[in-house]
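# Tertiary structure, described
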Amino acid sequence: MTKPLSFSAFVMNTPSHILHGMWRDQEGHQLNFNDVNLWVSLAKRLDEGGFDVIFFADVVGLYNDFRGGWDFHIENGLQVPSNDPMVLLSALAVNTKHLGLAFTAAPVQEPPFNFARRVSTLDHITKGRIAWNMVTSYSANAFRNFGYDGLVPHDERYEWLDEYVDVLYKLWEGSWDEGALLQDRESGIYADPAKVHKIHHVGKRYKVEGPHLVAPSPQRTPLLFQAGSSPTGRDFSARNAEAVFIGAPDPENARKLIDETRRLAVENGRKSEDIHFYQGLYFVIGKTEEEARQKEYELENKIDFDMMIAHSAGGMGIDLGNATLDTPLEDIKTEGIRSTYEWLKQSTPGRTPTVRDLARLRSKTNRIVGTPEMIADQLELWRDAGVDGINVINATIPGSYEEFIDQVMPVLRKRGLARNGYGKPGTLRRKLFGTDRLNERHPAAKYRGAFAAKSPVN
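Parameters at a glance
Residues numbered from 1 in each chain as written. Predicted model: local features only at pLDDT ≥ 70, side-chain atom pairs only at ≥ 80, totals over all residues. Heavy atoms only, no water. Helix = DSSP H or I, 4+ residues; strand = E, 2+ residues; numbered from the N terminus. Rg over C-alpha atoms; globule rule 2.2 N^0.38 Å. Contact = heavy atoms within 4.5 Å. Areas by Shrake-Rupley, 256 points an atom, 1.4 Å probe, with all protein chains shown as cover. Core = buried A, V, L, I, M, F, W, Y, C linked by side-chain atoms within 4.5 Å. Buried < 20%, exposed > 50% of the residue type's maximum accessible area, 1.4 Å probe, protein only. Expected span 1.5 Å × (residues − 1). Arc of directions from axis to C-beta. 1 Å grid on protein atoms, 1.4 Å probe; cavity = no way out; pocket = protein on both sides within 12 Å on 5 of 7 lines; lining within 4 Å. Points joined across faces, edges and corners; volume = space filled by probe spheres on them. Nonpolar A, V, L, I, M, F, W, Y, C, P; charged D, E, K, R; others polar. Pairing = 2+ DSSP bridges.

### Comments concerning the overall build of the protein chain
- For the protein chain, the count of helices and strands is 15 helices and 13 strands.
- Compactness check: the protein chain gives a C-alpha radius of gyration of 22 Å against a globular reference of 23 Å for 458 residues, within 12% of the reference.
- Dimensions of the protein chain, computed from the C-alpha atoms along their principal axes, are close to 70 × 50 × 45 Å.
- At a minimum sequence separation of 6, the contacts of the protein chain that also span at least 24 residues come to 77%.
- For the protein chain, the accessible surface area stands at approximately 19200 Å², while carbon and sulfur atoms represent 49% of it.

### Describing the nonpolar core
- One finds Phe7, Phe51, Trp132 and Leu379 to be the most contacted residues of the largest nonpolar core, which totals 86 residues.
- Ranked by residue count, the leading element in this core is helix α6 (residues 154–174), at ten residues.
- In this structure, Phe7 is in contact with Phe51, Asp52, Val53, Leu379, Ile390, Val392, Phe404, Met409, Leu412, Leu417 and Ala418, ignoring residues within four places of it in sequence.
- Phe10, Leu19, Tyr63 and Ala243 belong to the second largest nonpolar core, which has 40 residues in total.

### Focus on unusual backbone geometry
- With omega at 5°, the peptide bond leading from Gly210 into Pro211 counts as cis.
- Going from Ile397 to Pro398, the amide bond is cis rather than trans, its omega being 5°.
- Residue placement: Pro398 occurs in the loop between β13 (389–393) and α14 (399–414).
- Positive phi values are uncommon outside glycine, yet Gln79 reaches one of about 55°.
- In this structure, Gln79 sits in the loop between α2 (71–76) and α3 (85–93).

### A few points about helix α8 (residues 251–267)
- Here α8 contains 17 residues, and its C-alpha end-to-end distance of 24 Å stays within 8% of the 24 Å for a straight helix at 1.5 Å per residue.
- Restricting attention to buried positions, one finds in α8 the residues Asn253, Ala254, Leu257, Ile258, Thr261, Arg262, Leu264 and Ala265. Seen from one end, α8 has its buried residues packed into an arc of 160°, which puts them on one side. Exposed and oriented more than 90 degrees from the buried face of α8 are Lys256 and Glu267.
- A positive phi of about 85° marks Gly269, the residue just after α8.

### Points about the layout of surface pockets
- Each pocket or cavity is described by its volume, and for the largest pocket that value is around 340 Å³.
- For the lining of the largest pocket, the element with the most residues is strand β11 (residues 276–285), which contributes four residues.
- In terms of residue class, the lining of the largest pocket is made up of seven nonpolar, three polar and six charged.

### Some words on the pairing of β11
- In terms of burial, β11 is largely enclosed, as ten of its ten residues are buried.
- Neither face of β11 is left uncovered, since the one carrying His276, Tyr278, Gly280, Tyr282 and Val284 and the one carrying Phe277, Gln279, Leu281, Phe283 and Ile285 both have all their residues buried.
- Sheet topology places strand β10 (residues 243–246) next to β11; four bridges connect them, and they run parallel. Its bridge partner being in β11, Val244 is matched across the sheet by Phe277.

Put into structure tokens, the structure is as follows:
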């Protein structure tokens, strides 16, 4: 039986996200990103069209300087201005029934106690459709915005994230026992204090007493996404993630990354199928291949390649604004996104990658061009490489998603590569994994009942 793929819409509440410069195009409405109706309309369309998730990327600081400063980012709308996606999710929740709502946030942004409260509230509002993309943030400006002198070293950021999620797991999974919430009108008892516990976390960065102020939400812990491809990031994913976003240059490299991460998951006491992998791709669709190639040519002339370079290089913490396209990129020592350079080397085997390759990595490597049938052929190759889902990148909003839903989805359904519907609304985790709660193999599960032996008044 053909395994259906899962589909996520990769967006950001900003004028220019991945394919830069497209906010200038008359066919796109991302220029109106401040308008909540744009996002409500898109979410409804995705919900009806068979997408599983709308996934919001986010930043809390500027990318590294380009051509010696940050004026370029402001002038071109390169992920600035940028709005908080968590605020937006409430509006999308009450206008959709099935669609998962994923957001991105890093430990530097907010202490874990208040973050846990906000996420649990959203999980209640959505009836269990919330997902969190666990990131460490790679922007030096972001860390300075929150009182640090600069970017915390890469591996130290993951140590920080380890403690951060540990606090969250204690709050979400351990603070309230099952059956603690009584809501008994006759007895007048709302919740059983013997089943609600303080967590008394004391660690390197945090001291959190508890208890969690929100009663258990439908999922307790939100569905956990992660996107790190560095060795440290893969190790964190193997231990904690339920879904991993990847940007492999081809199916074979995707297979290698997936196999390695699944192996690490098993070594950490989990099963290989406990993690789903979502490959980032975008599509140029035509009724004929000739039409698709013409649309690709037109798209090439609209994409701003200076912005593409500024985004990619800025994420790695380097300024390539004055480099020529043929400038070779030797091994880069960076505390930024290490995975970007790793993908770059893998996409240029046998030679040193250049600035041109860096621009192409985002603009061309993850592009599929052709008829709906040709696209389905390619998606089958990705699926056979171990990919569970596709993170669909847009050129325009809502056009890129409308085209995919109207033209590609029917072909995928005929081939069994996309689901034919969901039935009754349920949690996001149930949709993807068949259960509302994290399984017992996840490290968060160890906190279930862990605080029950302590006095309720402590």
